[in-house]
Amino acid sequence: MSILHSNQDGVRTHREGAILEVTLDRPKANAIDLAASRRLNAIFTAFRDDPQLRFAIVTGAGEKFFSPGWDLKAAAQGEASDSDWGVGGFGGLNYPRNLDKPIIAAVNGIACGGGFELVLGTDIIVMEEQARFALPEINVGVLADRIPYHVAVEFLMTGRWMDATEAKHWGLANHVVPKGQAMMKAREVARQLAEGPPLLYPAIKQLLRHSEMVAEHEAFELHDSLHNVQKVLRSEDLLEGATAFSEKRKPNWKGR
């Protein structure tokens with residue numbers, strides 16, 4: 001069975017055209033143990049390397065939890081926090097390698113700790129109105145790895161919860177939708193993206209990844225040196241976009 005169309009280690013996958021759907025399904029809360037993390041790493045690597053797949057959606061099974069992060073029952077049984085979680089780190093999206101395809105999070109419930117960090121590793125976040133975020137690691141003596149700096153101190157030091165309205169306020173959610181509609185909205189966003197120029201999305205992600213900590217002048221120099229940016233600049237699609245605009249018609253993207 002293909003790794004991109006299967007159910008193993010509490011992670012379900014399903015591919016629909018150019019879109020891969022990844023569902024955390026480990027009752028009761030979709031907590032991630034070592035096996036699930038390595039599985040997610042394998043899935044996101046296979047997604048990266050499959051030319052037929054362009055977008056991914058990650059969500060949680062059930063109505064209450066997206067994921068609370070690390071499976072503390074597994075931790076109590078001996079799994080160490082510094083275990084080999086996979087090449088991309090815990091959940092596969094903390095340190096992804098050359099993953100230049102867009103990933104959408106459909107947050108259907110509680111996402112805290114490593115589950116929240118998994119959400120933050122995606123590119124577009126759709127959040128149901130009852131969903132909540134938190135970094136409660138301080139309550140179990142663990143240091144969280146990832147959170148936007150402007151809200152980091154309070155959440156790292158208090159472990160308090162953030163509801164969907166506040167998450168939207170801080171820019172931690174792109175869309176807030178009614179309960180049960182996260183996947184519907186995520187699929188809508190994915191289909192909208194699929195109508196765009198295929199070469200541009202990898203270029204955007206590669207540029208953002210490489211220029212995140214770079215000064216403005218260096219960022220402009222870096223822009224022109226990146227492989228995926230060069231592909232856009234030399235592409236047939238660039239000419240097609242300009243031609244379609246001048247002819248007042250919808251572009252016919254070819255991905256080359």
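Since this is a predicted model, take the numbers as computed values, not measurements. (Residues numbered from 1 in each chain as written. Predicted model: local features only at pLDDT ≥ 70, side-chain atom pairs only at ≥ 80, totals over all residues. Heavy atoms only, no water.)

Now for the environment of Val58. Within the element layout of this structure, Val58 appears in strand S4 (residues 55–60). Val58 has contacts with Val22, Phe66, Ile103, Ile104, Ala105, Ala106 and Thr122, leaving out every residue within four places of it along the chain. (Helix = DSSP H or I, 4+ residues; strand = E, 2+ residues; numbered from the N terminus. Contact = heavy atoms within 4.5 Å.)

All right, on to the sheet that holds strand S9 (residues 132–134) then. Strand order in the open sheet formed by 4 strands is S5-S7-S9-S10, and the pairing between neighbours is mixed. The open sheet terminates on both sides in strands that have one partner only, identified here as strand S5 (65–67) and strand S10 (161–163). Direction aside, the axes of adjacent strands within the sheet are offset by 20 degrees on average. The pairing of S5 with strand S7 (residues 110–112) spans 2 bridges and is classified as parallel. (Pairing = 2+ DSSP bridges. Axes fitted to C-alpha atoms, helices over the stretch in contact; angles between N-to-C directions.)

With that settled, consider the packing of aromatic side chains. The relation between two aromatic rings is expressed through the spacing of the ring centres and the mutual angle of the planes. The tally for this structure, following the rule as stated, stands at 4 aromatic pairs. Taking the centre distance of 5.2 Å and the plane angle of 75 degrees together, the rings of Trp85 and Phe90 count as edge-to-face. By relative accessible area, Trp85 is classed as buried at 8%. Their ring planes at 20 degrees and their centres at 4.4 Å tell us that Phe116 and Phe133 sit as a pair that is stacked. Of this pair, Phe116 sits in helix H3 (residues 114–120) while Phe133 sits in strand S9, and the two are 17 residues apart along the sequence. A relative accessible area of 0% means that Phe116 is categorised as buried. Since its relative accessible area comes to 0%, Phe133 is described here as buried. For the cation-ring pair, Lys101 lies above Phe47, with the distance from its terminal atom to the ring centre recorded as 5.2 Å. (Phe/Tyr/Trp six-rings, centres within 6.5 Å; stacked < 30°, edge-to-face > 60°. Buried < 20%, exposed > 50% of the residue type's maximum accessible area, 1.4 Å probe, protein only. Lys NZ or Arg CZ within 6 Å of the ring centre and 35° of its normal.)

Spatial relationships are all this shows, so hold off on functional conclusions.
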